[in-house]
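# Working through the structure, step by step
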Amino acid sequence: MRDTRPLLEAIPFPAIRRGQLDTLQVNLGYRCNQSCIHCHVNAGPNRTEEMDGETIDLALAFLARRRIAILDITGGAPELNRHFRRLVNAARDMGARVMDRCNLTILEVPGQEDLAEFLAAQHVEVVASMPCYLLENVDRQRGSGVFESSIRGLKRLNGLGYGRDETGLVLNLVYNPQGPSLPPAQASLEADYKRVLGETYGIVFNSLFTLANMPIQRFGSMLISKGQFDHYLGLLRAAHRDENLDGVMCRNLISVDYRGYVYDCDFNQMLDLPLARGGRARVHLADLVDDDIAGNPVQVAGHCFGCTAGQGSSCGGALKEAAE
Ligand code: SF4
Ligand code: SF4
């Protein structure tokens, strides 16, 4: 796979400093039951890296000590980590809001038959990838049979009350473009998704988040191979808006890898661009338990234009509704 980091580091990006930390994002490992072509984690069934029980304990200690409001759990398919449910239970006992970045097909994997019920019982917010409401597009990007399995997963979550305001069980979908283009306006695409998924399958959900594809890992490598890297970066840079700098997720979130090392965001984790603090080569979560990093400079590079282009992109979707 071609590494885009040297190309991205040569591209200047405006300086960003951290604000108050409110979200701990933990990557429980790179194992996944899928291997999607745009995956910025390069996850798949053969990856073996996963967070161990000791690092899970540290994450819980950090949540408690720093009174972090939101635990955002990601992977791979994070549910495949054997400590996943213990982490969720303990974080919910502390009163944290817990988000699971769920690929939906995991709900049908052997051994995960009761996962949907577990998530509902713990009031875990489900953030599910759904790059299109059309079968061909989803299967092309995420693999054969993924669309129908995802639809079954959404129906199952709906059956438990997910996606309806009155239940408080939040089901959000994530859209990313099929190729090297900017995502369309979030509000109008959400309306299209709600109409098509509702009318065709009877599916309801709360919000659609639109995210730009990041020029890193599998997608970045594909851009280089197809000679599209410079064009895509040019597109992102031309659409940059300074006002989006205030809303980028690295201001309020840290991303922790399966070993416990800390990054300014998940994308920096995948580029192996660690959070910079105190001249250390790498910062471990254990180093930050008593260290407030507000005001710390963020490690930025060319990929950051993926967060500030157009309506902007964060783990909560578009930053601005101006592009509606
Ligand atoms: S489901 Fe998510 S983590 Fe798994 S391969 Fe696809 S994009 Fe990557
Ligand atoms: S990729 Fe986005 S979230 Fe990550 S450091 Fe750059 S601007 Fe911040």
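As a starting point, this report considers the structure included with it. (Residues numbered from 1 in each chain as written. Chains lettered and ligands numbered in written order. Predicted model: local features only at pLDDT ≥ 70, side-chain atom pairs only at ≥ 80, totals over all residues. Heavy atoms only, no water.)

### Here we look at the site of ligand 1
For the record, the criterion: When we say a residue is near a molecule or strand, we mean one of its heavy atoms is within 4 Å of it. Amino acids outside the nonpolar list (Ala, Val, Leu, Ile, Met, Phe, Trp, Tyr, Cys, Pro) and the charged list (Asp, Glu, Lys, Arg) are all regarded as polar, and Gly is one of them.
As a matter of local geometry, ligand 1 sits amid 10 residues, with Cys-32, Gln-34, Cys-36, Cys-39 and Arg-142 nearest to it. Taken together, the residues of the shell around ligand 1 break down into 4 nonpolar, 5 polar and 1 charged.

### Observations regarding the nonpolar core
Threshold: We define a nonpolar core as any set of buried Ala, Val, Leu, Ile, Met, Phe, Trp, Tyr and Cys residues linked to one another through side-chain atoms lying within 4.5 Å. Accessibility here uses a 1.4 Å probe with only protein chains present; expressed as a share of the type maximum, an area under 20% marks a residue as buried, one over 50% as exposed, and anything in between as partly exposed. Put simply, DSSP marks the helices as runs of H or I at least four residues long and the strands as runs of E at least two long, and each gets a number from the N terminus on. Pairs of residues are marked as contacts when any of their non-hydrogen atoms sit within 4.5 Å.
Counting 101 residues, the largest nonpolar core has Leu-24, Val-26, Leu-173, Tyr-193 and Ile-254 as its most contacted members. It is helix 2 (residues 53–65) that contributes the most residues to this core, 6 residues altogether. Contact partners of Val-26, with chain neighbours within four places excluded, come to Met-51, Ala-59, Leu-71, Asp-72, Ile-73, Thr-74, Leu-87 and Val-256. Within the second largest apolar cluster, 6 residues are counted, among which are Ile-70, Val-174, Phe-209 and Leu-211.

### Let's talk about the pairing of strand 1 (residues 23–27)
On a regular strand, each side chain points to the face opposite its neighbour's, so the side chains alternate between the two faces of the sheet. So the rule is basically this: Whether two strands pair comes down to DSSP finding at least two bridges between them.
Of all 5 residues in strand 1, 5 are buried; the element is thus mostly enclosed. Residues Thr-23, Gln-25 and Asn-27 of strand 1 are buried on one face, and the alternating residues Leu-24 and Val-26, pointing to the opposite face, are buried as well. Taken together, the 5 bridges between strand 1 and strand 2 (residues 70–74) define a ladder with parallel strand orientation. Residue pairing in the sheet places Gln-25 in a bridge with Asp-72 of strand 2.

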